[in-house]
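Listed below are the residues making up each chain.
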Amino acid sequence: LRERGDPEGALRVYQKVVAANPSDAWSHARIGGMKLSLGRAEEVATHTDAAMRLSPFETALVGYSHFHAGAAEYDLGREDAAYERMRQSAAVGPHPMQYAAFFWLASLDALHGRGQEARQHAAQVLRLRPYWTIHLWRIRTAPVHPRLQAGRERFDEGLRMAGLPE
């Protein structure tokens, strides 16, 4: 449903799954992801943290959960907390969202004047996804909830400063 442009429908499905099976860690994590897509950043960590409590050793789940919680922290204006969550996502080990965590770390480092670290994280992104560009990121994350648009422009500027290709 989310891929078809219906994050509210996806959220309802995941909520039904959790109601039927409260120990389904992935559904808890995906509720957090859907709430992020819907501009409800203040609610994300409750769900992603619950997911990690249920399955603390599942690398992909932990990486996914820290990533979404980190994006929510950024959207709430808490960039230090966002950075820490993205650092944890990247550090957990190989997982499908690891390149995206490095992407965020590159932007945040650049925005905070840590040029060398930003370039190192950008290099990690390109090592994991050699074709990745700012443009592809924008397509992949569209549409953005209107509440999040201003932060996205700032984020993109950090990516440019880090040296990621347009």
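Look up: the structure comes first, before these words.
Residues numbered from 1 in each chain as written. Predicted model: local features only at pLDDT ≥ 70, side-chain atom pairs only at ≥ 80, totals over all residues. Heavy atoms only, no water.

Quick look at the overall build of the chain now. Scanning the chain from N- to C-terminus turns up nine helices and zero strands. In the chain, the succession of α and β elements from N to C terminus is α-α-α-α-α-α-α-α-α. Over its C-alpha trace the chain gives a radius of gyration of 15 Å, about what one expects of a compact globule, namely 15 Å for 166 residues. Taken along its principal axes, the extent of the C-alpha atoms in the chain is 45 × 35 × 30 Å. (Helix = DSSP H or I, 4+ residues; strand = E, 2+ residues; numbered from the N terminus. Rg over C-alpha atoms; globule rule 2.2 N^0.38 Å.)

Once that is clear, we can look at helix α2 (residues 25-37). Given a rise of 1.5 Å per residue, 13 residues ought to cover 18 Å, and the 19 Å separating the end C-alpha atoms of α2 matches this to within 8%. Of all the 13 residues making up α2, ten are buried; the element is thus mostly covered by neighbouring parts of the structure. Among the residues of α2, those classed as buried are Ala25, Ser27, His28, Ala29, Ile31, Gly32, Gly33, Met34, Lys35 and Leu36. Near the N-terminus of α2, the side chain that reaches the backbone nitrogen of Trp26, with its oxygen 3.3 Å away, is that of Asp24. (Expected span 1.5 Å × (residues − 1). Buried < 20%, exposed > 50% of the residue type's maximum accessible area, 1.4 Å probe, protein only. Polar contact = N/O pair within 3.5 Å; in protein donor to acceptor, adjacent residues only side chain to side chain.)

A word on the packing of aromatic side chains. The final tally for this structure, using the stated rule, is twelve aromatic pairs. Both rings, one in Phe67 and one in Trp104, keep their centres 6.3 Å apart while their planes meet at 85°; by these two values the pair is edge-to-face. Of the two residues, Phe67 sits in helix α4 (residues 59-75) while Trp104 sits in helix α6 (residues 98-111), which places them 37 residues apart along the sequence. Trp104 carries the same exposure label as Phe67, and that label is buried. (Phe/Tyr/Trp six-rings, centres within 6.5 Å; stacked < 30°, edge-to-face > 60°.)

Residues Phe67, Phe103, Trp104, Trp137 and Leu164 are the most contacted members of the largest nonpolar core, which totals 36 residues. Broken down by secondary-structure element, the contributors of at least two residues to this core are α2, α3 (44-54), α4, α5 (79-91), α6, α7 (115-128), α8 (134-140) and α9 (149-162). Looking at this core, the element that brings in the most residues is α6, giving ten residues. Ranked by size, the runner-up nonpolar core spans six residues in total, among them Ala10, Leu11, Met34 and Leu38. (Core = buried A, V, L, I, M, F, W, Y, C linked by side-chain atoms within 4.5 Å.)

Once that is clear, we can look at the environment of Tyr74. Structurally, Tyr74 can be placed in helix α4. Between the C-alpha atoms of Tyr74 and Arg85, which are eleven residues apart in sequence, the distance is 9.9 Å. Reaching out from Tyr74, the side chain makes a polar contact with the backbone nitrogen of Phe155 at a distance of 3.3 Å.

Our next topic: the packing of α4 against α5. Two elements in contact, α4 and α5, have axes whose closest approach is 8 Å; the angle formed by their N-to-C orientations is 165°. Between α4 and α5, the angle is such that the two are roughly antiparallel. α5 is crossed by α4, and the crossing has left-handed handedness. On the side of α4, the interface is formed by Gly63, His66, Phe67, Ala69, Gly70, Ala71, Glu73 and Tyr74, while α5 contributes Glu79, Ala81, Ala82, Arg85, Met86, Gln88 and Ser89. (Axes fitted to C-alpha atoms, helices over the stretch in contact; angles between N-to-C directions. Parallel < 35°, antiparallel > 145°, perpendicular 65-115°, else oblique. Left-handed = near helix turned anticlockwise from the far one by under 90°. Contact = heavy atoms within 4.5 Å.)

None of this, on its own, says anything about what the molecule does.
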